[in-house]
Protein chains: 4
Amino acid sequence: MQIGFIGLGSMGAAIATNLVKSGHDVHVFNRSPARAEPLRKAGATVAASPAQAAHSADVVFTMVADDAALASVTFGEAGIAAGLKPGALHISMSTIGVATAQDLTARHREAGFGFVSATVFGRPDAAAARKLFIMAAGADEHLKIAVPLLEQLGQSVGIVGADPSQANLVKLIGNFMLSVIIETLGEACGVAGKAGIDPMHLVELLTSTSFNAPPYKIYGALIASQRFQPAGFSLPLGQKDNRLMLAAADALGVPLPLASLVHDRFLAVRSRGIGAEHDWSAVALCALAEAGMEKQV
Amino acid sequence: MQIGFIGLGSMGAAIATNLVKSGHDVHVFNRSPARAEPLRKAGATVAASPAQAAHSADVVFTMVADDAALASVTFGEAGIAAGLKPGALHISMSTIGVATAQDLTARHREAGFGFVSATVFGRPDAAAARKLFIMAAGADEHLKIAVPLLEQLGQSVGIVGADPSQANLVKLIGNFMLSVIIETLGEACGVAGKAGIDPMHLVELLTSTSFNAPPYKIYGALIASQRFQPAGFSLPLGQKDNRLMLAAADALGVPLPLASLVHDRFLAVRSRGIGAEHDWSAVALCALAEAGMEKQV
Amino acid sequence: MQIGFIGLGSMGAAIATNLVKSGHDVHVFNRSPARAEPLRKAGATVAASPAQAAHSADVVFTMVADDAALASVTFGEAGIAAGLKPGALHISMSTIGVATAQDLTARHREAGFGFVSATVFGRPDAAAARKLFIMAAGADEHLKIAVPLLEQLGQSVGIVGADPSQANLVKLIGNFMLSVIIETLGEACGVAGKAGIDPMHLVELLTSTSFNAPPYKIYGALIASQRFQPAGFSLPLGQKDNRLMLAAADALGVPLPLASLVHDRFLAVRSRGIGAEHDWSAVALCALAEAGMEKQV
Amino acid sequence: MQIGFIGLGSMGAAIATNLVKSGHDVHVFNRSPARAEPLRKAGATVAASPAQAAHSADVVFTMVADDAALASVTFGEAGIAAGLKPGALHISMSTIGVATAQDLTARHREAGFGFVSATVFGRPDAAAARKLFIMAAGADEHLKIAVPLLEQLGQSVGIVGADPSQANLVKLIGNFMLSVIIETLGEACGVAGKAGIDPMHLVELLTSTSFNAPPYKIYGALIASQRFQPAGFSLPLGQKDNRLMLAAADALGVPLPLASLVHDRFLAVRSRGIGAEHDWSAVALCALAEAGMEKQV
């Protein structure tokens, strides 16, 4: 199948590489061309623009940083909408806002393109190992094309619904739930530490019970040791997703007090100079500091 | 070993039965004597008072409803302190407050008794199947006696520290973390439902990713279906533990905004007439109602 | 002085009428022309567009519903920017967002127009009686023209600073503080009522002490009696201002937990079907309901 | 009238002095006797115990630090209950918990004493100037005696209801409302400061509008200047009252999210080493720090 792929960050590059390995004819584009080189070596064709990558493709994937980048590579000058053939399918894998996804859906429908949102749970190493959990949403006729491709990229593909933006919402909900786990662990480690229980020991004890899910283990270790560098998922990206979740909930008329609390934590931790080089689990520093348990460095 | 066992609720009865099955000479007491009958049939001796159950025991277990019940069976008339022989060990398995545990520790030390807090994670069926996760804390000399016994009662025994109250704190932290999961699921199901995603489908999707821990599955199903009866763990008990957590954190000087939020949820849901017959996951009704997604019944 | 005036809602009409009465040559415009008739009778000239109202004016006032309306009457087709003469001054009195005000400032500077934000505290009757409290911000050279005019419109004119958006921020802070008073009164009336103290009596008692400011008296009476109709300031407008406050604080990097709480209250109360016909003090219904003290109607 | 007066802190001493000046025969007691000397000079009789001060008194006032102190001077050894003659009246002016007031009411009724709670709004200088706002609650027959006396002590006496604890609740609600004003001002000054508006200027602007009540002026000046010493009302006392408010609301089944937030602020600010020498308005430091606007000292 001829495939266009726009966005070769660490996630995008891993996914595009897997598409090449699966035997597809992949035309890639990345804003900074250096990141396309490894793909060229792996067998992809490097395009000069999103439009060129989309040209004569059956399916174009996008995996870009945020809503603005997606709008730009889609509808900007030499964007994929300018190159895509009628009836072709756009699969958006980025973590973007619900309103942006709804807007894309409407504009693509009008232009005669298919559209599927396929959001991913997992980090770059999981992407490389085809271990992603993928959430897909779109019209049946589009899912029929998208799902077999997506199954080559992850360990499971969940069908969320017929409205592409629903897959974006589920992704935002997932990150919302992770952010609450981070805050929970910050508070738990703060109170335990104040009582003379080593936070790392607390995390080991609790994750040996029914709190044995990866987020508790991974973030528990980071928070208990207060080691927030290097960033696995950077704080500003986490903050962006928190804002997207609140915006989606606001539009739906749903209060999310937990997301509001985490929103305030993001702002407070950034006022302390914590930023892009830190993992988003650094929001737990607020709770640790309020407990008087912040490590002095 | 001669063992006293006070408190034959569903958890206590399952644990006491296992002690009998393991070959110990178990003397049981329960306030309402009817609940002692199955234990008698299983081979236990039924005592007329906590003091009698404790008399000539090497170890006395207590598994009672709350701090007041523990104070009563321990220091009340014909309490275990009145029957226990010097040097014997009291193992408290109840979910009680940190201050109560500290008080017990001091009074037992003064009276020449040993004291271990051994709190449990798991429901009655896990207790019956010796699948509990147990958190134990106390002086080394007392843990040396307690741990081998506790290992007969669960799948793991974590040693929290030398201060018995630390095991109580870890239990409260565990329930605090569960309560936050409940609130999280309430908010997540509310926003998903409002966007046209069946909450049960959301839970299935998310628990097939890294949110695959039992609390997300169990509470997710209850909350998505809004089925809060029968109570697995009743709402007033959950509310009691939330209050104990806040009291412990207050004494330690640690703010827990998440616990404060859940505290307010407990009060709000009770104002709606939800109570003792409901599972504590019914606190999620607040978030569901605020989303306009509460089921009309 | 020749003055343009755009926006003849209840506030705008009262202010424009006072400008006419003060002897200015006032050219008014309102989207629905019927509302301009009373002004014509009072002596104003009715213009066919914002541009026409601005044409040859020394100063153009705008008092419109929201950021979008202001953008439209300013930069839209036949907007004031299309009619204003170089060096003329735009005085914006609307409650708009800080970012919108910053954008207007930059565009007007570029186009050679002066710009002052002059936000108002007070209701239409206060506007009619020239009893408004006005907050003005802008460059000195523009304030020199604006302040004498504004002094004809209210009982005091506070100079906030040189950046027009600062007057918008102060207005949003004022409404934020009012919204917190509303929530406070909801919680206070809920807990008092539950204890058998008539909420109206509570309000009378407290506002006879140092809580003797108008907001406590006015909103206290509405909330204690749970009479939220007719709307003095409608709930959706209050919600809009809450969102503008949170957006401004987010851009500045400042968490406002109280505004986040009120944000969630707005969403929750709207899920209950409370809306445009209700006064924004109806957000207190959330606290009253959580106390089990909501009046059944 | 013969009057006993227990508790000669700065409030109690001012009130007792006014009772002497009004011509009553006042028998005073204070734990540390040095504080009784000025009263002796003013014409009071100094008693050796609460019981002695109560002996043959028609009315005994208490104005002590907290619930424990009140219990001690009332029911402790040589407490007023041991000295009071049948039918005499106890007027409690302390800020105590609702449950303690209910307990006192029941025990006094049983013992044949009258009981009125008469809580006060105002600082020592207001007490000295007979400018207190007083809230009284109790049975009519007791209020008939208490109110004429109280009217000699303040500028107004509000009758809350027939249950003495209601006056205590109103006092706690008043302090709750003040604590919310403090948090509001902290957030407002933080966001204004970050936008380049001098917080003191913000306070002046806003208190010249309808936020012209004393709490906004007094706390606004302290918070804008971040001057929290000396303490007008010390932080631990404010924290105590916040806890009493939350306990009363919890017992009534009423969530108070604002009080929960302030509760967490108290704990957080104390973790920073702020304590007894600071005014309770120092809780605003949390919001100021989260805005990145805390003054470095």
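Residues numbered from 1 in each chain as written. Chains lettered and ligands numbered in written order. Predicted model: local features only at pLDDT ≥ 70, side-chain atom pairs only at ≥ 80, totals over all residues.

### Quick notes on the overall build of chain A
Item 1. Summing up its helical and strand segments, chain A has 14 helices and eight strands in all.
Item 2. The dimensions of chain A, computed from C-alpha atoms along their principal axes, are 65 × 45 × 35 Å.
Item 3. Within chain A, the fraction of its 297 residues that count as buried is 62%.
Item 4. Of all intrachain contacts in chain A linking residues separated by at least 6 positions in sequence, the fraction that spans at least 24 positions is 64%. (Helix = DSSP H or I, 4+ residues; strand = E, 2+ residues; numbered from the N terminus. Buried ≥ 20, exposed ≤ 12 C-beta atoms within 10 Å, placed from the backbone. Contact = placed C-beta atoms within 7 Å.)

### A look at the pairing of strand E5 (residues 89-92) of chain C
Residue and element names in this part refer to chain C.
Item 1. Side chains Leu89 and Ile91 project from E5 onto one buried face, and the interleaved His90 and Ser92 project onto a second face that is buried too.
Item 2. Pairing between E5 and strand E6 (residues 114-121): four bridges, direction parallel. The residue of E6 that forms the bridge with Ile91 is Val116.
Item 3. Of the crossover connections in this fold, the one passing from E5 over helix H6 (residues 98-111) to the parallel E6 is right-handed. (Pairing = 2+ DSSP bridges. Right-handed = clockwise from strand over helix to strand, strands pointing away.)

### A look at the environment of Val64 of chain B
Residues and elements named next belong to chain B.
Item 1. Relative to the helices and strands, Val64 resides in the loop between strand E4 (59-62) and helix H4 (67-75).
Item 2. Its 26 C-beta neighbours within 10 Å are what place Val64 among the buried residues.
Item 3. Note: C-alpha distance between Val64 and Met11 (53 residues apart in sequence) is 9.2 Å.
Item 4. Residues in contact with Val64, not counting those within four places in the same chain, are Ile6, Gly7, Ala69, Leu70, Val73 and Ser94.

### Details of the interface of chain A and chain D
Reports of interface size often rely on the accessible area that becomes lost once the parts have come together.
Item 1. With five residues of chain A at the interface, the matching set in chain D holds five residues.
Item 2. Grouping the constituent residues of the side of chain A that touches chain D by class yields two nonpolar, two polar and one charged. (Nonpolar A, V, L, I, M, F, W, Y, C, P; charged D, E, K, R; others polar.)

### Topic: the nonpolar core
Within soluble globular proteins, side chains that are nonpolar tend to cluster in buried spots.
Item 1. Ranked by size, the top nonpolar core spans 470 residues in total, and within it Ala136 of chain A, Ala136 of chain B, Ala136 of chain C together with Ala136 of chain D carry the most contacts.
Item 2. Ignoring sequence-local partners within four residues, the contact set of Ala136 of chain C consists of Val116, Ala118, Leu143, Ala146, Val147, Leu150, Val157, Ile159, Val160 and Ala167 of chain C. (Core = buried A, V, L, I, M, F, W, Y, C linked by C-beta atoms within 7 Å.)

### Looking at the interface of chain D and chain C
Item 1. Taken together, the contacts link 50 residues of chain D with 50 residues of chain C.
Item 2. The element best represented in the side of chain D that touches chain C is helix H9 (residues 165-194) of chain D, accounting for 16 residues.
Item 3. When grouped by side-chain class, the residues that make up the side of chain D that touches chain C number 31 nonpolar, 14 polar and five charged.

### Things to note about the packing of helix H10 (residues 199-207) of chain D against helix H11 (residues 214-225) of chain D
Residue and element names in this part refer to chain D.
Item 1. Following both chains from N to C, one finds H10 and H11 inclined at 165 degrees, their axes separated by 8 Å at the closest point. Taken as axis vectors, H10 and H11 run roughly antiparallel relative to one another. Considering the relative orientation of H10 and H11, their crossing is right-handed. Touching Pro199, Met200, Leu202, Val203, Leu206 and Thr207 of H10 are Tyr216, Lys217, Gly220, Ala221, Ala224 and Ser225, all from H11.
Item 2. Class assignment of the residues belonging to the contact of H10 with H11 gives a composition of eight nonpolar, three polar and one charged. (Axes fitted to C-alpha atoms, helices over the stretch in contact; angles between N-to-C directions. Parallel < 35°, antiparallel > 145°, perpendicular 65-115°, else oblique. Left-handed = near helix turned anticlockwise from the far one by under 90°.)

### Quick look at helix H4 (residues 67-75) of chain A
Side chains of residues three or four places apart in an α-helix project in the same direction, reflecting 3.6 residues per turn.
Residue and element names in this part refer to chain A.
Item 1. Buried within H4 we find Leu70, Val73 and Thr74. Angularly, the buried residues of H4 cover 100 degrees about the axis, an arc narrow enough to put them on a single face.
Item 2. Elements that come into contact with the buried residues of H4 comprise strand E1 (2-6), helix H3 (50-54), strand E4 (59-62), helix H5 (80-83), strand E5 (89-92) and helix H6 (98-111). (Arc of directions from axis to C-beta.)

### With respect to unusual backbone geometry
Item 1. With an omega dihedral of -5 degrees, the bond running from Gln229 of chain A to Pro230 of chain A counts as a cis peptide bond.
Item 2. The phi dihedral of Ser56 of chain D falls on the positive side, at around 65 degrees, and the residue is not glycine.
Item 3. Along the polypeptide, Ser56 of chain D turns up in the loop between helix H3 (50-54) and strand E4 (59-62).

### Some points on the sheet that holds E6 of chain C
All names here are of chain C.
Item 1. Across the sheet, eight strands lie side by side as E3-E2-E1-E4-E5-E6-E7-E8; this open sheet has mixed pairing. This sheet does not close on itself; its edge strands, each paired only once, are strand E3 (45-46) and strand E8 (154-161).
Item 2. Relative to strand E4 (residues 59-62), strand E1 (residues 2-6) is paired through four bridges, and the arrangement is parallel. Bridging from a neighbouring strand, Gly4 pairs with Val60 of E4.
Item 3. Contacts from helix H8 (residues 140-151) reach E4, E5, E6, strand E7 (132-138) and E8 within the one sheet, and its direction differs from that of E7 by about 175 degrees.

### Points about the relation of the copies chain D and chain C
Item 1. Superposing chain D onto chain C takes a rotation of 180 degrees combined with a translation of 0.0 Å along the rotation axis, leaving an RMSD of 0.0 Å. Here the copies are linked by what is in effect a two-fold axis. Measuring from the rotation axis to each C-alpha of chain D, the shortest distance belongs to Ala213 of chain D, at 2.6 Å.
Item 2. The share of interface residues of chain D whose copies in chain C are also at the interface is 100%, consistent with both copies meeting through the same surface. (Least-squares fit on C-alpha atoms with pLDDT ≥ 70 in both.)

### So, the domain arrangement of chain A
Residue and element names in this part refer to chain A.
Item 1. Entries for chain A in the domain assignment read domain 1 (2-162) and domain 2 (170-290).
Item 2. Summarising the inter-unit geometry, the C-alpha centres of domain 1 and domain 2 are found 29 Å apart.
Item 3. Contact residues are listed per partner, giving 10 residues for domain 1 and 10 residues for domain 2.
Item 4. Within the side of domain 1 that touches domain 2, the residues separate by chemical class into five nonpolar, three polar and two charged. (Domains from an automatic or database assignment.)

### Remarks on the packing of H6 of chain C against helix H9 (residues 164-194) of chain C
Helix-helix packing is described using two parameters, namely the angle between the two axes and the distance between the axes.
All names here are of chain C.
Item 1. Contact geometry for H6 and H9: axes closest at 8 Å, N-to-C directions at 165 degrees. One element, H6, and the other, H9, form an angle in the roughly antiparallel class. Where H6 crosses over H9, the two elements pack in a sense that is right-handed. Residue-level contacts link Val98, Ala101, Gln102 and Thr105 of H6 to Pro164, Ser165, Asn168 and Leu169 of H9.
Item 2. Partitioned by chemical class, the residues of the contact of H6 with H9 number four nonpolar, four polar and no charged.

### Concerning the confidence of the model for chain A
Item 1. Of all residues in chain A, 100% have pLDDT values of 70 or greater, and the mean over the chain is 97.
Item 2. Both scores are available for the predicted complex, with the pTM at 0.97 and the ipTM at 0.97. (pLDDT = per-residue confidence, 0-100.)

### What to know about the relation of the copies chain A and chain D
Item 1. Superposition record for chain A on chain D: RMSD 0.0 Å, screw rotation 180 degrees, translation along axis 0.0 Å.
Item 2. A share of 100% of the interface residues of chain A reappears at the interface of chain D, consistent with the copies meeting face to face through the same patch.

### With respect to the sheet that holds strand E2 (residues 25-29) of chain B
Residues and elements named next belong to chain B.
Item 1. In space, the eight strands of this open sheet follow the order E3-E2-E1-E4-E5-E6-E7-E8, with mixed pairing throughout. Taken across any chain shown, the strands that pair with only one partner, and hence form the sheet edges, are strand E3 (45-46) and strand E8 (154-161).
Item 2. Sheet analysis places strand E6 (residues 114-121) next to strand E7 (residues 132-138), joined by six bridges and oriented antiparallel. Opposite Ser117, over in E7, you have Ala137 as the bridge partner.
Item 3. Contacts from helix H6 (residues 98-111) reach strand E5 (89-92) and E6 within the one sheet, and its direction differs from that of E6 by about 155 degrees.
Item 4. Across the sheet, helix H9 (residues 164-194) touches E6, E7 and E8, and the angle it forms with E6 is around 15 degrees.

### Overview of helix H1 (residues 10-21) of chain C
Residue and element names in this part refer to chain C.
Item 1. With 12 residues, H1 should reach 16 Å at 1.5 Å per residue; the first-to-last C-alpha distance of 17 Å fits that figure.
Item 2. Considered for burial, the residues of H1 that qualify are Met11, Gly12, Ala13, Ala14, Ile15, Ala16, Thr17, Asn18, Leu19 and Val20.
Item 3. Residues of H1 that are buried make contact with E1, strand E2 (25-29), helix H2 (37-42) and helix H7 (124-128).
Item 4. Within two residues after H1, Gly23 carries a phi angle of roughly 100 degrees, on the positive side. (Expected span 1.5 Å × (residues − 1).)

### Digging into the pairing of strand E7 (residues 132-138) of chain A
Two faces make up the sheet, and in a regular strand the side chains alternate between them.
Residues and elements named next belong to chain A.
Item 1. Most of E7 sits inside the fold, with seven of its seven residues counted as buried.
Item 2. Here E7 shows no split at all, with Leu132, Ile134, Ala136 and Gly138 on one side and Phe133, Met135 and Ala137 on the other all buried.
Item 3. Two strands pair when backbone bridges link them, and E7 and strand E8 (residues 154-161) are joined in this way by six bridges, in the parallel orientation. Its bridge partner lying in E8, Phe133 is registered against Ser156.

### Structural notes on the environment of Gly4 of chain D
Residues and elements named next belong to chain D.
Item 1. Mapping Gly4 onto the fold places it in strand E1 (residues 2-6).
Item 2. Taking the C-alpha atoms as reference points, Gly4 and Ala54, separated by 50 residues in sequence, lie 5.1 Å from one another.
Item 3. Sequence-distant contacts of Gly4, defined by excluding residues within four places in its chain, comprise His27, Ala53, Ala54, Ala57, Val60, Phe61 and Ile80.

### Section: the environment of Met177 of chain A
Item 1. Among the structural elements, Met177 of chain A can be located in helix H9 (residues 164-194).
Item 2. The residues touching Met177 of chain A, leaving out its near neighbours within four places in the chain, are Thr184, Ala188 and Phe211 of chain B.

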